[in-house]
Amino acid sequence: MQSSLIGKIEKAKVYAQERHRMQVDNLHVAFHGENSDHEVSLVEGRWHCNCDFFAQWSVCSHTMALERVLEGMVPRQELPELAGA
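First, a word on scope: everything that follows refers to the structure included in this document. Keep in mind the model is a prediction, meaning the values are calculated, not measured.

Some words on the overall build of the protein
- Scanning the protein for helices and strands turns up three helices and three strands.
- Along the protein, from the amino end to the carboxyl end, the secondary structure elements read α-β-β-β-α-α.
- Relative to its length of 85 residues, the protein is extended, with a C-alpha radius of gyration of 17 Å against a globular reference of 12 Å.
- Once the C-alpha set of the protein is aligned to its principal axes, its extents read approximately 60 × 30 × 20 Å.
- Buried residues in the protein amount to 24% of all 85 residues.
- In the protein, once contacts between residues fewer than 6 apart in sequence are set aside, the share between residues at least 24 apart is 26%.
- Total accessible area computed for the protein in this model is approximately 6,900 Å², and 52% of it derives from carbon and sulfur atoms.
- For the protein, the centre of its 8 positive side-chain charges and the centre of its 12 negative side-chain charges are spaced 13 Å apart.

Rendered as structure tokens:
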């Protein structure tokens, strides 16, 4: 294998460990949930999901799961205040 390619592979391994170097601006994900499939997107720093829960709360398990997977590379969502919490 060419030495320059080996160097790029090693650099990619280092970058993969350094999430702070990456920022996802726009994203579209087909999310295969337990009950049905959903379309989740991140557009200009705002999450969107076509599930019923997101329509009411502006956050859902699908967006929260993706936020965890992409931790450090996407903006954190504000969670709604819980009554009596």
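Here's the deal with helix α3 (residues 61–69)
- When we look at burial in α3, the residues that qualify are H62, T63, L66 and E67. Here the buried residues of α3 occupy an arc of 135 degrees about the axis, which is enough to place them on one side. Opposite the buried face of α3, by more than 90 degrees, sit the exposed residues R68 and V69.
- Those residues of α3 that are buried are in contact with β1 (26–32), β2 (37–43), β3 (46–49) and α2 (52–57).

Regarding the sheet that holds β3
- Ordered by their spatial adjacency, three strands build an open sheet running β1-β2-β3, and the pairing between neighbours is antiparallel. Of all strands in the sheet, those bounded by a partner on one side alone are β1 and β3. Each strand axis lies, on average, 15 degrees off the axis of its neighbour in the sheet, ignoring direction.
- Across seven bridges, β1 lies against β2 in antiparallel orientation. Bridging from a neighbouring strand, H28 pairs with S41 of β2.
- α3 contacts β1, β2 and β3 of the sheet and is inclined by roughly 135 degrees relative to β3.

A short note on a nonpolar patch on the surface
- A cluster of nonpolar side chains, namely V14, Y15 and M22, defines an oily patch on the protein surface of about 240 Å² accessible area.
- For V14, the position within the fold is in helix α1 (residues 3–17).
- Residue class for V14 comes out partly exposed when judged on its relative accessible area of 43%.

Here is what the cut-offs are and how they apply
- Residues numbered from 1 in each chain as written.
- Predicted model: local features only at pLDDT ≥ 70, side-chain atom pairs only at ≥ 80, totals over all residues.
- Heavy atoms only, no water.
- Helix = DSSP H or I, 4+ residues; strand = E, 2+ residues; numbered from the N terminus.
- Rg over C-alpha atoms; globule rule 2.2 N^0.38 Å.
- Buried < 20%, exposed > 50% of the residue type's maximum accessible area, 1.4 Å probe, protein only.
- Contact = heavy atoms within 4.5 Å.
- Areas by Shrake-Rupley, 256 points an atom, 1.4 Å probe, with all protein chains shown as cover.
- Lys, Arg positive; Asp, Glu negative; His and termini not counted.
- Charge placed at Lys NZ, Arg CZ, Asp CG, Glu CD.
- Arc of directions from axis to C-beta.
- Pairing = 2+ DSSP bridges.
- Axes fitted to C-alpha atoms, helices over the stretch in contact; angles between N-to-C directions.
- Patch = residues over 30% accessible without salt bridge, like charges linked within 9 Å, V, L, I, M, F, W, Y side chains within 5 Å.
- Salt bridge = Lys/Arg side-chain N within 4 Å of Asp/Glu carboxyl O.

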